[in-house]
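# Tertiary structure, described
Each chain, letter by letter, is given below.
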Amino acid sequence: MISCAQDLKCTDFHDGQFLVLADSIYSESSKYLRKGTRQVEWNKPGDSIYANVKYIDDCNWILTYDNKLNELDEIEKFINESGGMHLEAIEIRGDTLFY
């Protein structure tokens, strides 16, 4: 069997533009632009959410909302005050990262 597919790693998802499709958890699709330790999320045109990314290792990171660029709601303030949101890559299948 010959394959041209590339095996992706967690680090391949550190920088780039990504799409999270609407499902039973997320009612709307979102686009993310991640570069280095910065992330911008768009749910709707003109609706930007800025965040800081701190990598614990290649497959684990902490996300905090940027209070200088966002007006934080109560949930976002709580997340920041609690040390951020811990995200862990569970699996990579094809070009999709599951966390």
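The text that follows walks through the structure, step by step, so that each part is easy to find. (Residues numbered from 1 in each chain as written. Predicted model: local features only at pLDDT ≥ 70, side-chain atom pairs only at ≥ 80, totals over all residues. Heavy atoms only, no water.)

## Considerations on a nonpolar patch on the surface
The criterion, for reference: Like-charged residues within 9 Å of one another, or nonpolar side chains (Val, Leu, Ile, Met, Phe, Trp, Tyr) within 5 Å, are grouped into patches, provided each residue has over 30% relative accessible area and no salt bridge. For the accessible areas, the method is Shrake-Rupley and the probe is 1.4 Å, while residue cover comes only from the protein chains on display. Whenever a carboxyl oxygen of Asp or Glu lies within 4 Å of a side-chain nitrogen of Lys or Arg, that contact is scored as a salt bridge. Under the DSSP-based scheme used, a helix requires at least four consecutive residues in state H or I and a strand at least two consecutive residues in state E, with every element numbered from the N terminus.
Nonpolar side chains collect at one region of the surface, where Ile25, Tyr26 and Tyr99 lie side by side and expose about 340 Å² of accessible area between them. Among the secondary structure elements, Ile25 is positioned in the loop between strand E1 (16–20) and strand E2 (30–35).

## A short note on the sheet that holds strand E4 (residues 47–57)
Applied cut-off: A pair of strands is considered paired only if DSSP assigns at least 2 bridges between the two. To get an axis, a line is fitted to the C-alpha atoms, and for a helix only the part in contact is used. The angle between two axes follows their N-to-C directions and goes from 0 to 180 degrees. Any two residues whose heavy atoms approach within 4.5 Å at even a single point are treated as in contact.
Here we have six strands laid out as an open sheet, ordered E1-E2-E3-E4-E5-E6, and antiparallel in their pairing. Across the chains shown, the open sheet's two edge strands, defined by having one partner strand only, are E1 and strand E6 (85–88). For this sheet, the mean inter-axis angle between neighbouring strands, taken without regard to orientation, is 30 degrees. Here E1 pairs with E2 via five bridges, running antiparallel. Pairing of Gln17 across the sheet is with Leu33, part of E2. Running at roughly 130 degrees to strand E5 (residues 60–65), helix H1 (residues 74–81) makes contact with E4, E5 and E6 of the sheet.

The values are spatial; any link to function lies outside them.
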